[in-house]
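Coordinate inspection notes
Residue-level listing of the chains:
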Amino acid sequence: MKAGATDAEAVIFEGDEFSALVRLGQVEQLKESGSRAIGLRVFIGQRVASTSSSDFSAESIERLVEGAITLAKITSEDPFAGLPEPNEYGKLEGELNLYFDDVNQMPPAERIEIARRTEAAAMACDTRIQNSGGGDFDTATTHKVMVNSRGFAGEYSRSYCGFSTQPIAQDERGAMQRNYWFSAARTTKKLDSPEAVGQEAARRTLQRLGARQVKTQKAPVVFSAEIAKSIIGNIFEAANGDAIYRNASFFAGKLGEQVAGEDITVIDDGTLVFDGIGGFGTRPFDGEGLPTRRTVLVERGVLKSYVTNTYTARKLGIASTGNASRGLAGNPGIGAGNFFLEPGSLTPDEIIGDVKNGLYVTEVMGFGVNLVTGDYSQGASGLWIENGELAYPVEEITIAGNLKDMYKNIVAIGDDLVFRGASAAPTIRIEGMTIAGA
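Read on for a plain summary of the structure. (Residues numbered from 1 in each chain as written. Predicted model: local features only at pLDDT ≥ 70, side-chain atom pairs only at ≥ 80, totals over all residues. Heavy atoms only, no water.)

This next bit is on the overall build of the protein. Per the secondary structure count, the protein includes nine helices and 22 strands. The C-alpha radius of gyration of the protein comes to 24 Å, within 12% of the 22 Å expected for a compact globule of 438 residues. In terms of its C-alpha atoms, the protein occupies a principal-axis envelope of roughly 75 × 55 × 40 Å. The 438 residues of the protein split such that 49% are buried. Of the contacts made within the protein by residues no fewer than 6 positions apart, 72% connect residues no fewer than 24 positions apart. Working note: accessible area of the protein is about 19600 Å², and carbon and sulfur atoms make up 48% of it. Here the protein holds 43 positive side-chain charges and 57 negative ones, and the gap between their average locations is 3 Å. (Helix = DSSP H or I, 4+ residues; strand = E, 2+ residues; numbered from the N terminus. Rg over C-alpha atoms; globule rule 2.2 N^0.38 Å. Buried < 20%, exposed > 50% of the residue type's maximum accessible area, 1.4 Å probe, protein only. Contact = heavy atoms within 4.5 Å. Areas by Shrake-Rupley, 256 points an atom, 1.4 Å probe, with all protein chains shown as cover. Lys, Arg positive; Asp, Glu negative; His and termini not counted. Charge placed at Lys NZ, Arg CZ, Asp CG, Glu CD.)

The topology assignment puts Ser132 in strand β4 (residues 129–148). Given the relative accessible area of 1%, Ser132 is considered buried. Polar side-chain contacts of Ser132 include one of 2.8 Å to the side chain of Glu119. Other than its neighbours up to four places away in sequence, Ser132 contacts Arg23, Leu24, Glu119, Met123, Thr165, Gln166, Pro167 and Ile168. (Polar contact = N/O pair within 3.5 Å; in protein donor to acceptor, adjacent residues only side chain to side chain.)

Taken together, the five strands give an open sheet; going across it, the order is β13-β12-β9-β16-β21, and neighbouring strands pair in mixed fashion. The two strands at the open ends of the sheet, each matched to only one other strand, are β13 (302–303) and β21 (423–424). Pairing geometry for strand β12 (residues 294–299) and β13, over two bridges, is antiparallel. Opposite Val298, over in β13, you have Leu303 as the bridge partner. On top of the sheet, helix α5 (residues 225–238) reaches β9 (266–269), β12, β16 (338–341) and β21; it is set at about 115° to β16, its chief contact. (Pairing = 2+ DSSP bridges. Axes fitted to C-alpha atoms, helices over the stretch in contact; angles between N-to-C directions.)

Any two side chains of opposite charge can pair, given that their charged atoms come close. Taken as a whole, this structure holds 19 salt bridges when the rule is applied. For Glu113, the salt bridge identified is with Arg116, shortest N-O distance 3.2 Å. A residue pair is termed a helical-turn pair when its members lie 3 or 4 positions apart in one helix, as Glu113 and Arg116 do in helix α3 (residues 108–123) at three residues. Between Glu431 and Arg429 there is a salt bridge; the shortest N-O distance is 3.2 Å. Here Glu431 falls in the partly exposed class, since its relative accessible area comes to 30%. When salt bridges that share partners are traced, they join Asp7, Glu85, Arg150 and Arg314 into one network. (Salt bridge = Lys/Arg side-chain N within 4 Å of Asp/Glu carboxyl O.)

Before going further, it helps to examine the layout of surface pockets. When its volume is computed, the largest pocket comes out at roughly 790 Å³. Lining the largest pocket are 37 residues, and of these Ser224, Ala225, Glu226, Ile227 and Thr362 lie nearest its centre. Within the residue set of the lining of the largest pocket, elements represented by two or more residues are β7 (181–185), α4 (194–206), α5, α8 (348–353), β17 (357–365), β18 (375–386) and β21. Considering every element that reaches the lining of the largest pocket, the biggest residue donor is α5, with seven residues. (1 Å grid on protein atoms, 1.4 Å probe; cavity = no way out; pocket = protein on both sides within 12 Å on 5 of 7 lines; lining within 4 Å. Points joined across faces, edges and corners; volume = space filled by probe spheres on them.)

Right, let's get into the side chain of Ser19. Among the structural elements, Ser19 can be located in strand β1 (residues 7–23). Not counting residues within four places of it along the chain, the set of residues in contact with Ser19 comprises Gln29, Leu30, Lys31, Phe137 and Asp138.

What follows covers empty space enclosed by the protein. In this structure the tally under the stated criterion is two cavities of 30 Å³ or more. The calculated volume of the largest cavity comes to roughly 50 Å³. Every residue along the wall of the largest cavity is listed here: Asp268, Gly270, Gly281, Arg283, Thr292, Arg293, Thr321, Gly322, Asn323, Gly335, Ala336 and Gly337. When the residues that make up the lining of the largest cavity are grouped by side-chain class, the tally is one nonpolar, eight polar and three charged. By volume, the second largest cavity amounts to about 30 Å³. Lining the second largest cavity are Gln207, Arg208, Thr362, Gly382 and Leu383. Per-class residue counts for the lining of the second largest cavity are one nonpolar, three polar and one charged. (Nonpolar A, V, L, I, M, F, W, Y, C, P; charged D, E, K, R; others polar.)

The buried count for β7 comes to five of five residues, which makes it a mostly enclosed element. Of the two faces of β7, the one carrying Trp181, Ser183 and Ala185 and the one carrying Phe182 and Ala184 are both buried. Across five bridges, strand β5 (residues 153–170) lies against β7 in antiparallel orientation. Residue pairing in the sheet places Ser164 in a bridge with Phe182 of β7.

Next up on the list: the packing of aromatic side chains. Applying the stated rule across the entire model yields 13 aromatic pairs. On the basis of an interplanar angle of 5° and a centroid distance of 6.2 Å, the ring pair of Phe137 and Phe163 is categorised as stacked. With Phe137 in strand β4 and Phe163 in strand β5, this pair connects stretches of sequence that are 26 residues apart. For Phe163, a relative accessible area of 2% corresponds to the buried category. Seen from their ring centres, Phe236 and Phe339 are 5.4 Å apart, and the 80° between their planes marks the pair as edge-to-face. Note that Phe236 is positioned in helix α5 and Phe339 in strand β16, a separation of 103 residues in sequence. Among the aromatic side chains, those forming a connected cluster through ring pairs are Tyr89, Phe152, Tyr156 and Phe285. The aromatic ring of Phe152 is capped on one face by Lys91, whose charged end is 5.2 Å from the ring centroid. (Phe/Tyr/Trp six-rings, centres within 6.5 Å; stacked < 30°, edge-to-face > 60°. Lys NZ or Arg CZ within 6 Å of the ring centre and 35° of its normal.)

Structural data, given as C-alpha cells:
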C-alpha cells in the first residue's frame, strides 16, 4: 500500500511432503521435501497484477512488491477486478480438525513397512499375481496464511496420509491385467489396514482377467461409485461461473430449469465434518477470505446455482458462492469443497440386479467430455451384466452419450456414498447409453 497499491492481498503457503514406493518388497523411491512461498496480488484502481517468490529475504520481498506494482501500472483496466467487499469476509467458527500431527510423527521405516505389507497382502492372494506396480505411502502437511488490505487475516493447516498398491495378474494365456486400491485420511488413526487394502486391490485385479469385447449396442450402464463421481463431477465444471459467463457450458442460461432426473440432488459443501474430522474439501475460508458454505447446485433435478468466486460473480451479477481457489500467482480460480450426489436407497447389488443386459463400469480412460455441447465419449472397462448378475469382464470398449440426456436418464442411485476424497458419488445406473465394441 505504501508503494502505491490501492488494495493488496498476500498469501503464504508452507508444506512438507513424504512419499515412499516399494516394489516387490524393495524400496524403489523415497522422497521427502519441504517448501514455502509467498504470493502477492496488488490492485491499482481496477488494474491488477500478481507476483510470487520462495525467497523470504527483505530484499526479495521489496523486489516482489516493486514487480507487482510495475506490472499493475501497465495492465489494462478491468471493471470487474477488485477484492471482495469488507462485509463479505469471514471464516467458519469451531474446530474443523483439518490437521493431525501424527502424520509427521510416524517414523519413515513404519511408513515403508505399511507400503510393503499392502503389496505383500495383494501378492499373497492368488498365484496368478506374480508382479506388481508397487505399494506406496504418502503424507503431506500444508499451512496457509492469508491477509489483505481490507482487514481480513486468516490461517489454517491441513494434513493428509494415504497408501495404495497396484498388483499385476496374469492368466494362463499370458494376458495381464492390473488394478489398484487405496486408503486415505487426515490422520493415521483413520487409515484402513494394509492387509484389507491389499486384498481389495487383488480382488479388483483378478476380476479383470479374461476380459473381452462386447458387440456395439445401446444398453443400461451402471457406474461404480469410483467412476460415478467423475460423471457427477462434470456438473461442477458445467456450473462453473467462468464457463457460464463465457457461454462455454451447456448449463449457460439454465438456472431454474430441469437439467437432471427428479431424484438428482448435487451439493458442494466446504463445511463438512465427519466423525469430528474435516472432509478433504473442508476449509474455514475460500481463496479470497470468504467463509466456505453449503451450496445446492442441483435440487431434485433443477439447476439452482452456479459456483463462483468474486470476479465471476460480478460478471454474472450475482453473489460469490465462496468457491474461490487461490494458488500463489494469478487471479483466483474456482474450486469445489466436498462435492457429492445425495445417495439413494438401493444397494449396488439391487441396481445391478435390475439389469437384464448391460455394462458395469469400473474404469474409464481418456478425456472425452465436451462441456460446451455435453457430448461424452470415453474408453471403458468393467464387467458385463447378464440377468442381473456380473457375468464376465469386458475391455476395449467405448461408452458414449450426451450429459444433458445422461443426467435425465439416471434411473437408480445407490446407498453407497463414501468420501475417499473431496468428491464422492454412490453407484448410479443410466439408461440408453451407446456401448461401442466389436
